[in-house]
Amino acid sequence: MQRLLRDPRARVGLVVLAVVALVALLAPVIAPYDPSAQLDIARLHGRPPSLAHPLGTDPYSRDVLSRLIHGTRISLAVALVAVTLSMTLGVVVGAVAGYAGGLVDTVLMRVVDAALSIPRLLLLIIVVALWGDVGVVGLTLLLAGTGWFAVSRIVRAQTLVVRELDYVTSARALGAPPARILVRHVLPNVVGPGLVAATLAIGNVILLEAGLSYLGIGIRPPAASWGSIIQDGAERVSDLWWLTFFPGLAILITVFACNALGDALRDLLDPRQLASRDLTARSAPTPDR
Amino acid sequence: MTAPPLLELDDLHTFFYTDTGVARSVDGVSFSVGAGETVGVVGESGCGKSVTALSILRLVRAPGRIEPGSAIRFEGKDLMTLDEGEMQHIRGNRIAMVFQEPMTALNPVFTVGEQIAEVARIHGGMSRKEARAKAVEMLTLVGIPAPEQRAGEYPHQLSGGMRQRVVIAMALVMNPALIIADEPTTALDVTIQAQILELMADLTRRLGTSILLITHDLGVVAENCSRVIVMYAGEVVEEATAVELFGRAHMPYTEGLLGAMPRVGGESERLATIPGTVPPPTAWPAGCRFRDRCPYSWDRCEREHPPLYQIGAGHTSRCHLAEEPEHRNHPHPPLAAQRGASAA
């Protein structure tokens, strides 16, 4: 953790994400207006940014800042829950496939191959089109269910390496049952790359959710997510630019922070980095006797 | 009539079914280890030593397989007839294993205390607290100073010698009857090697544990083993007591190994080597498998696969020289060396 904080990318990423998370948590407190209230349809109809409404108002006379703050809640919650679920699924499937090998591995990985061959956005659009309105929970589950394929591949590859290491053979030689070996010796040593993928995936899922909402098949009005705010202003970009600009900026900053943190994590967990850490540990060994 | 040995391998075959053919890594190995005895297994890389060790615990993974007809008798039971659950009870409990590389034999994400305690929890059914006390006790036994504190440290915080002590402690938790040590000192400094070997010798004397010591270091064997088994190309090629082997090696391969040992005060500047390499296990040559690298080989060696000849009390050798010793008087450059010269 300390070494992580030494990386400037990680520091920036963590600070930005902390602020975003805080905004999401405190949304009802810091939002100046009710996000779905139509304040004054006659006088506050699509007004540009002003002191009373720093990010302007939309065509329905709603305060864009309040909507953006509340949208943070939904966008972030959907992303975090979806990524947590898909990571868990991906790590479990990957580790089981890699450790068990044989038929289990072949079947699981062919399923993943098949799923990976369909573009994720297309898959999501098809499912939403077939089921109609899926709601926030449904959307989250969909994003989770379509996000674990790549992770399972990464984790499986790592498992194939770890399962040949001496401490796994050693655990087998000491009579540990397979489930115990998987949980105690394999999983803790393969989640690293999964964690990196997860951090990068948060940014990706925020973008996906925004994209779906923008296409009008994600978060439904009047609830606000970053994508649905952009959707509200999509046809008025030329005159009501603040409707698309500010949520877009929020997405950009958050995704950028996630990717910066992910990059820093990846460098940190790089095997070559681990090797150099071991070397420094070895150069100052504890005396043997 | 002597008591049956603790461990008896009878015609062990372990084959690997690879894309390039069937690798007959262990091809008919038989030997035994008595109670309290330390037996050495020596041979080059790729001769089947480690696969033999893994086979004893039935840890060979697919595409590897222990062939039917192989018997591994241990404490009166044939391990080949046990199911996986019964094998898990044997592993770590009655037979334990010490690995070559102490850096990778320990899980980097758990403290050494937790890893020793895990063995006690699996087999001893101990509570977390009892197991932790056991871990500290084991660390004390293997001579680690400040064991209370060390138990809470991670493997990367310990030196190589200390890590190997921890690995030995893990093996000894359940006081097994047999320890299989696969090159336990290869990755260590020479001074630490001596300490570790001394520790193992001392512990086995006190606890009465048998050791199967797998190594390619004949010096290690000379100091520690009562009996030595030499393996080559998946077979036992010579077996004798350590004294006999070092004084009167019979098989030319053993002679080659002994000749390749560095000696204090030796006259030659370059170490002797055995020309050529071990043939691939997918295609052992017919006849004698060492023929191409042997300075005495003659036509019979090409035709006829030598059996293990009895050449003295407790001394066997897989070499036709046992029947036709006169060929020893006509050494010639081995075929492998001749081929190497013509290729160059």
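Rules and cut-offs
- Residues numbered from 1 in each chain as written.
- Chains lettered and ligands numbered in written order.
- Predicted model: local features only at pLDDT ≥ 70, side-chain atom pairs only at ≥ 80, totals over all residues.
- Heavy atoms only, no water.
- Axes fitted to C-alpha atoms, helices over the stretch in contact; angles between N-to-C directions.
- Helix = DSSP H or I, 4+ residues; strand = E, 2+ residues; numbered from the N terminus.
- Left-handed = near helix turned anticlockwise from the far one by under 90°.
- Contact = heavy atoms within 4.5 Å.
- Nonpolar A, V, L, I, M, F, W, Y, C, P; charged D, E, K, R; others polar.
- Salt bridge = Lys/Arg side-chain N within 4 Å of Asp/Glu carboxyl O.
- Polar contact = N/O pair within 3.5 Å; in protein donor to acceptor, adjacent residues only side chain to side chain.
- pLDDT = per-residue confidence, 0-100.
- Phe/Tyr/Trp six-rings, centres within 6.5 Å; stacked < 30°, edge-to-face > 60°.
- Buried < 20%, exposed > 50% of the residue type's maximum accessible area, 1.4 Å probe, protein only.
- Lys NZ or Arg CZ within 6 Å of the ring centre and 35° of its normal.
- Pairing = 2+ DSSP bridges.

### Some remarks on the packing of helix H3 (residues 112–124) of chain B against helix H4 (residues 128–141) of chain B
Residue and element names in this part refer to chain B.
- Here H3 crosses H4 at 115°, and the two axes come no closer than 8 Å. Between H3 and H4 the crossing geometry is right-handed. Along the contact surface, H3 presents Gly 113, Ile 116, Ala 117, Ala 120 and Arg 121, while H4 presents Arg 128, Ala 131, Arg 132, Lys 134, Ala 135, Met 138 and Leu 139.
- Taken together, the residues of the contact of H3 with H4 break down into seven nonpolar, one polar and four charged.

### Regarding the interface of chain A and chain B
- In this complex, chain A contributes 27 residues to the contact, which on the side of chain B involves 39 residues.
- For Arg 184 of chain A, the salt bridge is made with Glu 118 of chain B, and the minimal N-O distance between the two is 3.4 Å.
- At the junction of chain A with chain B, the criterion picks out 11 residue pairs in polar contact (both at pLDDT 80 or more).
- If you list the elements that add at least two residues to the side of chain A that touches chain B, you get helix H9 (166–173), helix H10 (178–214) and helix H13 (271–283) of chain A.
- For the side of chain A that touches chain B, the residue count by class is 11 nonpolar, six polar and 10 charged.

### Regarding the confidence of the model for chain B
- When the pLDDT values of chain B are averaged, the result is 87; 96% of them are 70 or greater.
- Scored as a whole, the predicted complex attains pTM 0.75, and scored at its interfaces, ipTM 0.77.

### Quick word on the side chain of His 13 of chain B
All names here are of chain B.
- With respect to the helices and strands, the residue His 13 is situated in strand S1 (residues 7–18).
- From its side chain, His 13 meets the backbone oxygen of Asp 11 in a polar contact 3.1 Å long.
- Leaving out residues up to four positions away in the same chain, His 13 has contacts with Val 26, Asp 27, Gly 28, Arg 65, Ile 66, Glu 67 and Ser 70.

### Comments concerning the packing of aromatic side chains
- Enumeration over the complete set of coordinates arrives at eight aromatic pairs over all chains.
- Each ring, one from Tyr 232 of chain B and one from Tyr 253 of chain B, has its centre 4.5 Å from the other, and the planes form 50°; the classification is tilted. With Tyr 232 of chain B in strand S10 (residues 227–232) and Tyr 253 of chain B in helix H10 (residues 252–259), this residue pair connects regions lying 21 residues apart in the sequence.
- With relative accessibility at 2%, the residue Tyr 232 of chain B sits in the buried group.
- The interplanar angle of 65° and the centroid separation of 5.2 Å between the aromatic rings of Tyr 253 of chain B and Phe 290 of chain B together place this pair among those described as edge-to-face. Of the two residues, Tyr 253 of chain B sits in helix H10 while Phe 290 of chain B sits in the loop between H10 and helix H11 (299–303), which places them 37 residues apart along the sequence. Of the two residues, Tyr 253 of chain B and Phe 290 of chain B, neither departs from the other in class, the shared state being buried.
- Over the face of the ring belonging to Tyr 99 of chain A we find Arg 61 of chain B, whose NZ or CZ atom lies 5.3 Å from the ring centre.
- When the ring centre of Tyr 296 of chain B is taken as origin, the NZ or CZ atom of Arg 328 of chain B, which lies over that ring, is 5.6 Å away.

### Points about the pairing of strand S12 (residues 309–312) of chain B
Residue and element names in this part refer to chain B.
- Bridge analysis of S12 against strand S13 (residues 315–317) gives three bridges, and the strand direction is antiparallel. Paired with Tyr 309 across the two strands is Ser 317, which belongs to S13.
- Taking the residues that link successive antiparallel strands as the turn, the S12-S13 hairpin has two residues, and the phi of Gly 314 there is positive, at about 65°.

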